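Structural overview for review
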Amino acid sequence: MSTSKDDALRAINKPAAYGPDLDVNQYSRQPKNWEPCPISSLPKEILERILEVGVLPERENRAASFFQIDHSVIFRAVQSLFEDKVEIMSAREALEKYDWLKDYWWKIVSVDTDKYTALAELAWDQGYFIRIFEDQKVTMPLQACLFISTDNLNQNVHNIIIAEPGSEAQIITGCTLHSSVQRGLHVGITEFYVKEDAKLTFTMIHNWAQNFDSRPRSGALIEDNGVFISNYMCFKPLKSLQMYPVAYCRGVNARARFNTIIYGTGTSYIDVGSKIVLQNEGCRGEIISRAIATDEAQIYARGFLQGEHGNTKAHLECRGLILSDKAIIYAVPELMAKVQGAELSHEAAVGKIAEEQVQYLMARGFSRSEAEALIVRGFMDVSIFGLPKELEREIQRMIDITTERAL
Amino acid sequence: MVKCILEIQNLSVEVSGKRILNNVNLQIPEGEVHVLFGPNGSGKSSLIMALLGFPAYKIVSGRIIFKGIDITSLPTNERVKMGISVAFQNPPVIRGVKLGRILSYLMPDENKIGELLVKVKFPQSFLERDINLGFSGGEIKKSEILQVLAQNGDFIVLDEPDSGVDVENLRILGTIINDALHGRSALIITHLGVILQYINANMAHVLMNGTIVCSGSPVKILGQILNEGYAWCEKCPQVKTMRCEL
Ligand SMILES: Nc1ncnc2c1ncn2[C@@H]1O[C@H](COP(=O)(O)OP(=O)(O)OP(=O)(O)O)[C@@H](O)[C@H]1O
Ligand SMILES: [Mg+2]
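What counts and how
- Residues numbered from 1 in each chain as written.
- Chains lettered and ligands numbered in written order.
- Predicted model: local features only at pLDDT ≥ 70, side-chain atom pairs only at ≥ 80, totals over all residues.
- Heavy atoms only, no water.
- Pairing = 2+ DSSP bridges.
- Helix = DSSP H or I, 4+ residues; strand = E, 2+ residues; numbered from the N terminus.
- Axes fitted to C-alpha atoms, helices over the stretch in contact; angles between N-to-C directions.
- Contact = heavy atoms within 4.5 Å.
- Near = heavy atom within 4 Å.
- Polar contact = N/O pair within 3.5 Å; in protein donor to acceptor, adjacent residues only side chain to side chain.
- Areas by Shrake-Rupley, 256 points an atom, 1.4 Å probe, with all protein chains shown as cover.
- Nonpolar A, V, L, I, M, F, W, Y, C, P; charged D, E, K, R; others polar.
- Buried area = accessible area lost by both parts, 1.4 Å probe.
- Salt bridge = Lys/Arg side-chain N within 4 Å of Asp/Glu carboxyl O.

The next subject is the sheet that holds strand 2 (residues 72-78) of chain A. Residues and elements named next belong to chain A. Taking strand neighbours across the sheet as the criterion, the 10 strands line up as 2-1-5-7-9-11-14-16-18-20 in an open arrangement whose pairing is mixed. Each edge of the sheet is formed by a strand with only one pairing partner; in this case those strands are strand 2 and strand 20 (342-352). When the angles between neighbouring strand axes are averaged without regard to direction, this sheet yields 5°. Of the strand pairs in this sheet, strand 5 (residues 142-148) and strand 7 (residues 168-177) are connected by seven bridges, and their pairing is parallel. Bridge assignment links C145 to a residue of strand 7, and that residue is G174. Along the sheet face, helix 2 (residues 44-51) touches strand 1 (64-69), strand 5 and strand 7 and points at about 125° away from the line of strand 5.

And the structure:
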């Protein structure tokens, strides 16, 4: 039997199915060293950056926190109130602690998917392990931050999230970097296990830099009556981002939903898709994506629904807004039904700001630029995502900060 | 002679190269309510768009004078700020832009918005609705009136406020509109004139094929149209008397 390492070695030169092919040797493997410390005592510069990706320095408003800078885990703790509900630790720690964890490692995402998954196996730099205990409802969000402080660094994390049967939680993961960092490569493997009757809401916010590359690789497995909601947001320019997370609705009545908002600026090359595979009776899926492209940004907005069982239903809605003549949005919605009774549908629309809408708002007294800003902001309305109210407000706040600057 | 709040002089308008309005002349004295009749596609709504300065409605000749100022080349929002408030016939859906967001821009006082909602019998939850998304025909009318009231202009334009509205809501809207017209000037487009049961109009005009073909007493003109159809208007004499001055 071949080990993960063998599989990785075979895939180390394998380009990804999508996105520009990167030479992974162009990045540095020499991180800065960071000693463990409370998040709030990190340099002010870092604290300002993490706020933009939803990570709070104070512990009071988060049930648990994990913080990694470059390759070092500097903080991880569960608030005392939630100690019997959830655990959080570095992935390495977890693998040492739990022998059974190897049955969750590289089980949804294949190690030989491409050179980036291979890299995460061969040059693995931590990541986090979060487990919500059986029947525990964690009312406050958990947070994880993956931060890069060294220019041109390659950071490869592998995260495992397990929502045990009947549990419920929201996790916010923010990935960002120090203002001195211009280049680099972040590879993030995340494997989600949503067990029977569990509900997991995962919100990931990326803020990278102009010359930065990012290659997340995520997969979720959802058991009977489980619910998995993934929210992804990326508002800042970067060199290239490519990801295509997949959710397998394996159990009866399993549900998955992907909500994505991309704001592509500068010369960003962004290729983001979501895929849902319906594998059992009563499974439901929904993919909603919003892409805005300005300047010379190129955005590929993909979506894939695959029906492998009868009495399943899924819908894909992809909308794109082009704000510049040099920007491009390709919407690629795909449906594949392998059996009868898999009801799959999609709608996709890409276009400029509708002049008729601008005129209407101007007839109410808004100036042209106010009207356009209002329409763009409306386009990124998160209330359609069906998130918990508090999380919705937080995300809206982050969008407002970003769009205020962009518009 | 009283002052004109609006005077449209020899206005001709094209949309994508096609002539839609031809030499339209219209005077509305301050404080008067005028009605605009005309068959489907005759150019009534287009006249409103041109009045607002929507760029697709290209003015090929003529002038629009509002409150004594030539507004023919002003951007829409500046015209509106001078006091023109329009309730549209077919307003667009704007996803993610809430009715409440527009109302609070027009009327920062939240209590006043609450009062308006009660007036048109809209639940508070309507403020959270994306503007015009999934609104029923009657709800569009109410939402448009609501915005016009919040805009508080002194020249009100209503494009078919009574079409597709049920009896109960017609009463609600008729009463509100009548209240709103107090001390204001207005131009109201209607087909069947049902709204005229609730308001007093001073004058009516008939627009056919992009031209105003006759003007006169609203009741008389409506009666003739209902009895004989628009064919009657073709032979009715054009009223040319000046009713107001700039
Ligand atoms: N933006 C546009 N693009 C193309 N044609 C237009 C546009 N706006 C108006 N028209 C055309 O101009 C003509 C007049 O339309 P308008 O909407 O002004 O009519 P109306 O008198 O308001 O009719 P109705 O009673 O049906 O509302 C119609 O033939 C219409 O198709
Ligand atoms: Mg019309």
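From this point, things continue past the structure.
Attention now moves to the site of ligand 1. Residues and elements named next belong to chain B. Taken together, 15 residues lie near ligand 1, and G41, K44, S45, S46 and H191 sit nearest. One of the side-chain N or O atoms of S45 is found 2.8 Å from an oxygen atom in ligand 1. Side-chain polar atom of Y57 to a nitrogen atom of ligand 1: 2.9 Å apart, as the coordinates give it. Protein contact buries 65% of the 630 Å² of open area that ligand 1 shows by itself. Of all the secondary structure elements, the ones that give two or more residues to the shell around ligand 1 are strand 2 (18-29) and helix 1 (44-52). Here the element with the most residues in the shell around ligand 1 is helix 1; it accounts for three residues. For the shell around ligand 1, the class distribution of residues is four nonpolar, eight polar and three charged.

With 21 residues of chain A at the contact, the number on the chain B side is 28 residues. Taken over both partners, the interface formed by chain A and chain B buries close to 2000 Å², and the fraction arising from carbon and sulfur atoms is 61%. Taken together, chain A and chain B are joined by two salt bridges. With a closest N to O distance of 2.5 Å, E144 of chain B and R364 of chain A form a salt bridge. The interface formed by chain A and chain B contains 12 residue pairs in polar contact (both at pLDDT 80 or more). Listed by contribution, the elements that provide at least two residues to the side of chain A that touches chain B are helix 5 (355-362) and helix 6 (368-379) of chain A. Residue contributions to the side of chain A that touches chain B peak at seven residues, all from helix 5 of chain A. For the side of chain A that touches chain B, the class distribution of residues is eight nonpolar, six polar and seven charged.

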